[in-house]
Amino acid sequence: METEPNLIRLIELAKAASKKAYCPYSKFQVGAIVVTESGEEFSGCNVENASYGLTICAERNAIFQMVAQARHRIKLVVIYTPTKEPASPCGACRQVINEFATGVRIVSACDSEKRIDTTIDHLLPGAFGPNNLGN
Ligand code: THU
């Protein structure tokens, strides 16, 4: 389990990542940090496109940074949004988190003290995943 000081540090990193968001359409800056089972950290921000549907969320961006470094096991995802209420990852990101997860903790933070502190199993029960392919 992460210590509270480490979690606060990770939330600050997610906030720093959000500042790099490319979001000229929504103007909604999101930052995410994924922590691997071995403790490595990868960051991501949302990247939008003039063809709106091609937008990639901060969470998936961070996960793809991780995969590009050949890491495949996530233990924690930390998300920051510049809001008064914390925001949960979207459905597409839940599915991608699940791909690399075993009991992943997901913490959403924002500009108030409020947090959502949950797990991928809670956010995506009964998920279709790699095991369903029989590999
Ligand atoms: N977004 C994320 O980056 N993560 C989420 O979990 C939800 C939404 C982004 C996508 C888009 O650039 C903007 O926030 C508004 O939906």
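Let us look at the structure shown here. (Residues numbered from 1 in each chain as written. Predicted model: local features only at pLDDT ≥ 70, side-chain atom pairs only at ≥ 80, totals over all residues. Heavy atoms only, no water.)

1. A short note on the nonpolar core
Quick note on the threshold: Definition used in this section: a nonpolar core is a set of buried Ala, Val, Leu, Ile, Met, Phe, Trp, Tyr and Cys residues joined via side-chain atoms within 4.5 Å. Relative accessibility thresholds used throughout: buried, under 20% of the residue-type maximum; exposed, over 50%; partly exposed, between the two (1.4 Å probe, protein chains only). Helix and strand labels come from DSSP, where a helix needs a run of H or I of at least four residues and a strand needs a run of E of at least two; each type is numbered from the N terminus. Should any heavy atoms of two residues lie within 4.5 Å, those residues are considered in contact.
By size, the foremost hydrophobic cluster in this structure holds 20 residues, and its most contacted members are Val 34, Ile 63, Ile 74, Val 77, Val 104 and Ile 106. Of all the secondary structure elements, the ones that give two or more residues to this core are β1 (31-36), α2 (58-68), β3 (74-80), α3 (91-99), β4 (101-109) and α4 (120-123). Top element by residues in this core is α2. It accounts for four residues. Apart from residues no more than four positions distant in its own chain, Val 77 is found in contact with Ile 33, Val 34, Ile 97, Val 104, Arg 105, Ile 106 and Val 107. Core analysis: the second largest hydrophobic core is formed by eleven residues, Leu 7, Leu 10, Ile 11 and Ala 109 among them.

2. A few points about α3
For α3, the full list of buried residues reads Cys 93, Arg 94, Val 96, Ile 97 and Asn 98. Elements in contact with the buried residues of α3: α2, β3, β4 and α4.

3. Section: the pattern of salt bridges
Any two side chains of opposite charge can pair, on the condition that their charged atoms come close. Quick reminder of the rule: Basic side-chain nitrogens of Lys or Arg form a salt bridge, by our definition, when they fall within 4 Å of a carboxyl oxygen of Asp or Glu.
According to the stated counting rule, one finds six salt bridges in the structure shown. A salt bridge links Arg 9 to Glu 41; its shortest N-O distance comes to 2.6 Å. Note that Arg 9 is positioned in helix α1 (residues 4-18) and Glu 41 in strand β2 (residues 41-45), a separation of 32 residues in sequence. The class of Arg 9 is partly exposed, set by a relative accessible area of 37%. For Glu 40, the salt bridge identified is with Arg 71, shortest N-O distance 2.7 Å. Of the two residues, Glu 40 is situated in the loop between β1 and β2 and Arg 71 in the loop between α2 and β3; the sequence distance between them amounts to 31 residues.

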